[in-house]
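Here is how the chains run, residue by residue.
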Amino acid sequence: AQGALAGLLLAATDWYLFLGSAQVADIPISFYMLAGVVLFALHDSSPGGRRWVVLAGMTAGLAAWTKNDGWLFVAALGVARVLVSDLADAGYLV
């Protein structure tokens, strides 16, 4: 419910729609980055299921394809996932 409310709030702003239609690349890359992080969070909260990881990888790849800043996001997301999984395996995270 909170995600739907946030999406509706973002879509309701005038500047988001204007900049998206003006083909400013920061708008799509911000969506891909947010989607990648949310999909990994969904993977962590749901038992099993690799579909969230596949979709997160796809959105990270689309971020890299959209703009050069996306490559930094892919690297940061990969490092963050490795660190989080290592900390979880070591018992530091619940």
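The structure displayed is predicted, hence computed values, not measured ones.

Draft legend 1. Layout of the environment of Asp 86. Relative to the helices and strands, Asp 86 is located in helix α5 (residues 69-90). Here the alpha-carbon distance between Asp 86 and Asn 68, two residues 18 residues apart in the chain, equals 28 Å.

Draft legend 2. Spotlight on a nonpolar patch on the surface. On the surface, Val 84, Leu 87, Tyr 92 and Leu 93 cluster together to form a nonpolar patch covering roughly 390 Å² of accessible area. Take Tyr 92: it is sitting in the segment after α5. With relative accessibility at 65%, the residue Tyr 92 sits in the exposed group.

Draft legend 3. Seen up close, helix α4 (residues 51-66). The end-to-end C-alpha distance of α4 is 22 Å, a good match for the 22 Å that 16 residues give at a rise of 1.5 Å each. Of the positions making up α4, those classed as buried are Ala 56, Thr 59, Ala 60, Ala 63 and Ala 64. The buried side chains of α4 occupy one side of the element, clustering within an arc of 145° when seen end-on. Facing away from the buried side of α4 by over 90 degrees, the exposed positions are Arg 51, Val 54 and Trp 65. Buried-residue contacts for α4 involve α3 (26-45) and α5.

Draft legend 4. Layout of the pattern of salt bridges. Per the counting criterion, the structure on display carries three salt bridges. For Lys 67, the salt bridge goes to Asp 26, with nearest N and O atoms at 2.2 Å. Of this pair, Lys 67 sits in the loop between α4 and α5 while Asp 26 sits in helix α3, placing them 41 residues apart in sequence. When its relative accessible area of 25% is taken as the criterion, Lys 67 is described as partly exposed. Taking the relative accessible area as the measure of exposure, Asp 26 reaches 40% and is therefore partly exposed. Connected via shared salt-bridge partners are Asp 26, Lys 67 and Asp 69.

Rules and cut-offs
Residues numbered from 1 in each chain as written. Predicted model: local features only at pLDDT ≥ 70, side-chain atom pairs only at ≥ 80, totals over all residues. Heavy atoms only, no water. Helix = DSSP H or I, 4+ residues; strand = E, 2+ residues; numbered from the N terminus. Patch = residues over 30% accessible without salt bridge, like charges linked within 9 Å, V, L, I, M, F, W, Y side chains within 5 Å. Areas by Shrake-Rupley, 256 points an atom, 1.4 Å probe, with all protein chains shown as cover. Salt bridge = Lys/Arg side-chain N within 4 Å of Asp/Glu carboxyl O. Buried < 20%, exposed > 50% of the residue type's maximum accessible area, 1.4 Å probe, protein only. Expected span 1.5 Å × (residues − 1). Arc of directions from axis to C-beta. Contact = heavy atoms within 4.5 Å.

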